[in-house]
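Commentary on secondary and tertiary structure
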Amino acid sequence: MTDAQRPATDFHIPDDLSGITAEQYRASMRHYPAGVTVVTLCSAKGPVGFTATSFAALSLEPPLVSFNIAHTSSSIAALLEADSVVIHFLGEHQQHLAQRFARTAEERFTDRSLWTTLDTGEPVLHGTPIWVRATIQQLIPIGDHTLVVGLVTRVHDNTDEKPAAAPLLYYNGRYHRPSALGE
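These numbers come from a predicted model, not from an experiment.

1. Things to note about the overall build of the protein chain
Secondary structure summary: the protein chain contains 3 helices and 12 strands in total. For the protein chain, the residues scored as buried account for 33% of the 183 residues in total.

This is the structure:
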């Protein structure tokens, strides 16, 4: 792709958004299911983590992933200073972790039996079917969030051929598990 073909990196928000309110937008987005992840990192003040449903795989070569964090998040300052994160793909049996990491920051790591640390310092949650460690490559402030792009440097996957647990999904304000459709 030549420079002339590349899409602009800036975008313009028109003055008139056809009367779209934040409430209307939020209500419509609730009807799009998302996998539930917990992002953890090490900070100077100790472990930090938060629930994120905005995870996406971006690229295979190199292995890149992304997620968003709100500018109002209690974890944003630590994330902006971090070099790396661990992204946990929660299973249906881990709804309690999704809820724990959506609560106030002080409560997230109080139960030491739920986590340990990697040799690189990031907290890792026990019993998570899949997690990836990623080094932060880009932080892109956009709207009221920051888009985080990470380079995957380690993959933990104990699912073998058949997943040990179904993924945890978030849809319409509630947690769900997927069920297979008839073929």
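This is not the end of the story, as more comes after the structure.
2. Quick look at the nonpolar core
Among the nonpolar cores identified, the biggest contains 19 residues, and Val39, Leu41, Phe50, Phe67, Leu79, Val85 and Ile87 are the most heavily contacted of them. Where this core is concerned, the elements lending two or more residues are β2 (37-43), β3 (46-52), β5 (64-70), α2 (76-81), β6 (84-89), β9 (130-142) and β10 (145-157). Discounting chain neighbours no more than four positions away, the residues touching Leu41 are Gly46, Pro47, Val48, Phe50, Ala78, Leu79, Ala82, Ser84, Val85 and Pro123. Counting 11 residues, the second-largest nonpolar core is a separate cluster that includes Phe101, Leu114, Trp115 and Leu125.

3. Side note on the sheet that holds β3
The strands making up a sheet are joined through hydrogen bonds of the backbone, oriented either antiparallel or parallel. Judged by pairing direction, the sheet is antiparallel, and its 7 strands sit side by side in the order β3-β2-β6-β9-β10-β5-β4 without closing on themselves. Looking at the sheet topology across the chains shown, the edges are occupied by β3 and β4 (56-59). Averaged over all pairs of adjacent strands, the angle between strand axes in this sheet comes to 35 degrees, irrespective of strand direction. Pairing of β6 with β9, which is carried by 6 bridges, proceeds in the antiparallel orientation.

4. Examining the pairing of β2
When you tally the buried positions in β2, you get 6 out of 7 residues, the bulk of the element. Where β2 meets β3, 7 bridges bridge the pair, whose relative direction is antiparallel. By the bridge assignment for β3, Thr37 is matched with Ala52. Adjacent in sequence and paired antiparallel, β2 and β3 are bridged by 2 residues. Alignment of β2 against β6, held across 4 bridges, turns out to be antiparallel. If you follow Val38 over to β6, its bridge partner there is His88.

5. Concerning unusual backbone geometry
Here the residue pair Glu61 and Pro62 is connected by a cis peptide bond, since its omega of 0 degrees sits within 30 degrees of zero. Looking at the element boundaries, Pro62 is found in the loop between β4 and β5. Phi at Asn172 is positive, roughly 55 degrees, even though this residue is not glycine. Along the polypeptide, Asn172 turns up in the loop between β11 (169-171) and β12 (174-176). Residue classification places Asn172 among the partly exposed positions, given a relative accessible area of 33%.

About the thresholds
- Residues numbered from 1 in each chain as written.
- Predicted model: local features only at pLDDT ≥ 70, side-chain atom pairs only at ≥ 80, totals over all residues.
- Heavy atoms only, no water.
- Helix = DSSP H or I, 4+ residues; strand = E, 2+ residues; numbered from the N terminus.
- Buried < 20%, exposed > 50% of the residue type's maximum accessible area, 1.4 Å probe, protein only.
- Core = buried A, V, L, I, M, F, W, Y, C linked by side-chain atoms within 4.5 Å.
- Contact = heavy atoms within 4.5 Å.
- Pairing = 2+ DSSP bridges.
- Axes fitted to C-alpha atoms, helices over the stretch in contact; angles between N-to-C directions.

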